[in-house]
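A structural walkthrough
So the chains spell out like this:
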There are 2 protein chains.
Amino acid sequence: MSSYEQALEILMQGDRHRVWSLVVTIFGDLAQNQGDEISAQTLGRMTEQMGIKSQALRVALHRLRKDGWIESKRIGRSRSYFLTAFGLQQSALATPRIYGQTSPQSIDWILVTTEATSDNQSDSAAHDDPHSFVRLTAHSYLGKRANLPETQHLLVTGLSDTTLPDWAKNQIVPPELNQSYASLFILLSAAKGALPTKPTAIERAVLRTLLVHSWRRIILRHLDVPEGFYPQDCKAIACRSLVLDLLARLERPALADFIDA
Amino acid sequence: MSSYEQALEILMQGDRHRVWSLVVTIFGDLAQNQGDEISAQTLGRMTEQMGIKSQALRVALHRLRKDGWIESKRIGRSRSYFLTAFGLQQSALATPRIYGQTSPQSIDWILVTTEATSDNQSDSAAHDDPHSFVRLTAHSYLGKRANLPETQHLLVTGLSDTTLPDWAKNQIVPPELNQSYASLFILLSAAKGALPTKPTAIERAVLRTLLVHSWRRIILRHLDVPEGFYPQDCKAIACRSLVLDLLARLERPALADFIDA
């Protein structure tokens, strides 16, 4: 078994990846600029290496087109795919989080307490957006000051001088997510040991996709919080270091590389 | 009707005063130092002017003795009363609040958030002490940092840069208490207009007692918070100014003055 196959086997472990979601990761990692296209052939070769049947890829591409994520065009006898404006926007939103090297500063973070007697409909609804605020108690939310709606009904206190107790940290990164980080850390450490020294363009693309995919499936499930807000034993920051390290070793191939391949 | 009688009538309005509680106020205002005594005769004359029957005074003195607030001793044919160590301590605790001219600074104030999933027994119990913390929501309390119990289970955020929303201010000074301040403000304003120019020692003692009593019955029912934490229309600070102004005009009589009287 080659070093590449070993790394591939390791990164294929863990949770089953849904095909359409993997394809989104492929486009997000390789073709996130306006005008970028990936040929049907390249997509087929990449997903084949991930053990995905061509029929499953067709279904995924059909779904992504129906949902407005991608479009396709025919060039001679072949077809190529590219992200729509919506797809580009969605990818751009996730990119800083996925590839970012640092966590936000605690100075910008706040605790928002809503009215005790409120019916939890009006005031609270604004904070139930999991991309902006995480609920700590029935009437308390944690988030960034910039995402605070303009209202005088909220009690807002700063978190920059605050040490979060364990139960609050566990609301931000719940135990099951913490466990996912622990598993990912083991997987990434193993992948690091198996990494091929001179991977081809397609090999780099495949390994990067699996790497980014495992990573984004966890981090996008909780707020991007300051490092001090993670549970004490959480491997999130350690995972980020490993992911960035591995991505650096697997240089992103230019799309042109695949045409030759 | 003399100016004194008018002022007396005004200050006797409002809620009915319980006799034993009034007697506590008398001692707290006039005899709060170790060794201070008030004769039965003086107590009788003061309370008589407040419309209290001698039998009611006897019952009150009996109760206060039984509860450990006061003691008495016989001097020749007369009897005099004085605060016990416990009574002195209780009075001393309330004194800074009753006669204080300023509110605490917001820098020392915190919001305490308790665990969402806690059973509200262990963590919260510590904050249900109304002298230290006021409950804002099911899991949030407001109080001074100095009163925080030593535990790592609490989420503590500072309130010095915080503008409290109305609902939080109304938890600190509930509407009914706010109404009491409004009523007291009217009563104090009226009393100020009717104040005698040269009251006797006993007149000063009686008016001071009624004044302090009306005041402490309200302020001791909520936390001594920074001025910015009161509801916007609250007359608490205005009442304090009036109380202190009136007390300054009614110089505290020395206990010796009554012996001559």
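Residues numbered from 1 in each chain as written. Chains lettered and ligands numbered in written order. Predicted model: local features only at pLDDT ≥ 70, side-chain atom pairs only at ≥ 80, totals over all residues. Heavy atoms only, no water.

What follows deals with the pairing of strand S3 (residues 78-83) of chain B. All names here are of chain B. Across 2 bridges, strand S1 (residues 38-39) lies against S3 in antiparallel orientation. Note on S3: the bridge partner recorded for Ser-39 is Ser-80. Taking the residues that link successive antiparallel strands as the turn, the strand S2 (residues 70-75)-S3 hairpin has 2 residues, and the phi of Gly-76 there is positive, at about 60 degrees. (Pairing = 2+ DSSP bridges. Helix = DSSP H or I, 4+ residues; strand = E, 2+ residues; numbered from the N terminus.)

This part takes up the domain arrangement of chain A. Quoted interface sizes are often the accessible area lost when the parts come together. All names here are of chain A. Under the domain assignment used here, chain A contains domain 1 (3-102 + 174-258) and domain 2 (109-159). With centres defined by C-alpha atoms, the gap from domain 1 to domain 2 works out at 33 Å. Taken together, the contact between domain 1 and domain 2 spans 5 residues of the former and 9 residues of the latter. Carbon and sulfur atoms make up 81% of the area that domain 1 and domain 2 hide from each other, which totals about 470 Å². Looking only at domain 1, the three residues that lose the most surface to domain 2 are Leu-223, Pro-226 and Phe-229, adding up to 81% of its buried area. The tally of links from domain 1 across to domain 2 stands at 0 salt bridges. If you look at where domain 1 meets domain 2, you find 0 residue pairs in polar contact (both at pLDDT 80 or more). (Domains from an automatic or database assignment. Contact = heavy atoms within 4.5 Å. Buried area = accessible area lost by both parts, 1.4 Å probe. Salt bridge = Lys/Arg side-chain N within 4 Å of Asp/Glu carboxyl O. Polar contact = N/O pair within 3.5 Å; in protein donor to acceptor, adjacent residues only side chain to side chain.)

Moving on, we get to the side chain of B:Asn178. All names here are of chain B. As for its position among the elements, Asn-178 is in helix H8 (residues 175-194). Given the relative accessible area of 12%, Asn-178 is considered buried. A polar contact is formed between the side chain of Asn-178 and the side chain of Asp-233, at a distance of 3.1 Å. Leave out the neighbours within four places in its chain, and Asn-178 touches Val-173, Pro-231, Asp-233, Cys-234 and Lys-235. (Buried < 20%, exposed > 50% of the residue type's maximum accessible area, 1.4 Å probe, protein only.)

Placing chain A over chain B gives an RMSD of 0.0 Å and needs a rotation angle of 180 degrees, together with 0.0 Å of translation along the axis. Such a turn and shift between the copies fits a two-fold axis. Taking C-alpha positions as the reference, the residue of chain A nearest the rotation axis is A:Thr157, at 3.0 Å. A shared binding surface is used by both copies, with 100% of the interface residues of chain A retained as interface residues in chain B. (Least-squares fit on C-alpha atoms with pLDDT ≥ 70 in both.)

A separate point is the pattern of salt bridges. Note on pairing: side chains with opposite charge can pair once their charged atoms come close. Taken as a whole, this structure holds 16 salt bridges over all chains when the rule is applied. For A:Glu227, the salt bridge goes to A:Arg240, with nearest N and O atoms at 2.9 Å. Linking A:Glu227 in the loop between helix H9 (201-219) and helix H10 (236-249) with A:Arg240 in helix H10, this pair joins segments that are 13 residues apart in sequence. Given a relative accessible area of 43%, A:Glu227 falls into the partly exposed group. We note a salt bridge from B:Asp224 to B:Arg97, for which the minimum N-O separation is 3.5 Å. One end of the pair, B:Asp224, is in the loop between helix H9 (201-219) and helix H10 (236-249); the other, B:Arg97, is in helix H5 (residues 85-99), with 127 residues separating them in the sequence. Exposure remark for B:Asp224: the relative accessible area of 27% places this residue in the partly exposed category. In this structure B:Arg97 comes out as buried when scored by relative accessible area, which is 17%. Bridged by salt links that share partners, the residues A:Asp29, A:Arg208 and A:Arg252 form one connected network.

All names here are of chain A. Running from amino to carboxyl end, H9 crosses H10 at an angle of 165 degrees, the nearest separation of the two axes being 11 Å. It follows that H9 is roughly antiparallel to H10 by the angle criterion. As H9 packs across H10, the resulting crossing turns out to be left-handed. Note on element contacts: H10 touches H9 through Ala-236, Cys-239, Arg-240, Val-243, Leu-246 and Leu-247, opposite Arg-208, Leu-211, Val-212 and Trp-215. (Axes fitted to C-alpha atoms, helices over the stretch in contact; angles between N-to-C directions. Parallel < 35°, antiparallel > 145°, perpendicular 65-115°, else oblique. Left-handed = near helix turned anticlockwise from the far one by under 90°.)

Residues and elements named next belong to chain A. Within the open sheet, the 4 strands sit side by side as S5-S6-S4-S7. Their pairing is antiparallel. In the strand order of this sheet, the two ends are held by strand S5 (133-137) and strand S7 (155-158), each with one partner. Taking each pair of neighbouring strands and ignoring which way they run, the sheet shows an average axis angle of 30 degrees. Two elements, strand S4 (residues 109-113) and strand S6 (residues 140-144), share 5 bridges in a ladder whose sense is antiparallel. The residue bridging Val-112 from the neighbouring strand is Tyr-141, located in S6.

Glancing now at the confidence of the model for chain A. Considering every residue of chain A, the mean pLDDT works out to 91; 92% of them sit at 70 or more. Here the complex is predicted with pTM 0.84, and the ipTM for its interfaces comes to 0.79. (pLDDT = per-residue confidence, 0-100.)

Before going further, it helps to examine H5(B). Taking 1.5 Å of rise per residue, the 15 residues of H5(B) would be expected to cover 21 Å, and the 21 Å separating its terminal C-alpha atoms lies within 8% of that figure. Its maximal kink placed at B:Leu93, H5(B) deviates by approximately 30 degrees, while the proline B:Pro96 follows within four residues. (Expected span 1.5 Å × (residues − 1). Bend = angle between axes of the 7 residues up to and from the residue.)

The next subject is the side chain of A:Thr84. Residue and element names in this part refer to chain A. Inspection of the secondary structure assignment puts Thr-84 in the loop between strand S3 (78-83) and helix H5 (85-99). Of note is the side chain of Thr-84, whose polar atom sits 2.5 Å from the backbone oxygen of Gly-68. Each residue touching Thr-84, except ones within four places of it in the same chain, is listed here: Gly-68, Trp-69, Ile-70 and Glu-71.

All names here are of chain B. Their axes nearest at 10 Å, the elements helix H3 (residues 40-49) and H9 cross at an angle of 60 degrees. One element, H3, and the other, H9, form an angle in the oblique class. The way H3 lies across H9 gives a crossing that is right-handed. Facing Thr-42, Arg-45, Met-46 and Gln-49 of H3, the residues of H9 in contact are Ile-202, Ala-205, Val-206 and Thr-209. Residue composition of the contact of H3 with H9, grouped by class: 4 nonpolar, 3 polar and 1 charged. (Nonpolar A, V, L, I, M, F, W, Y, C, P; charged D, E, K, R; others polar.)

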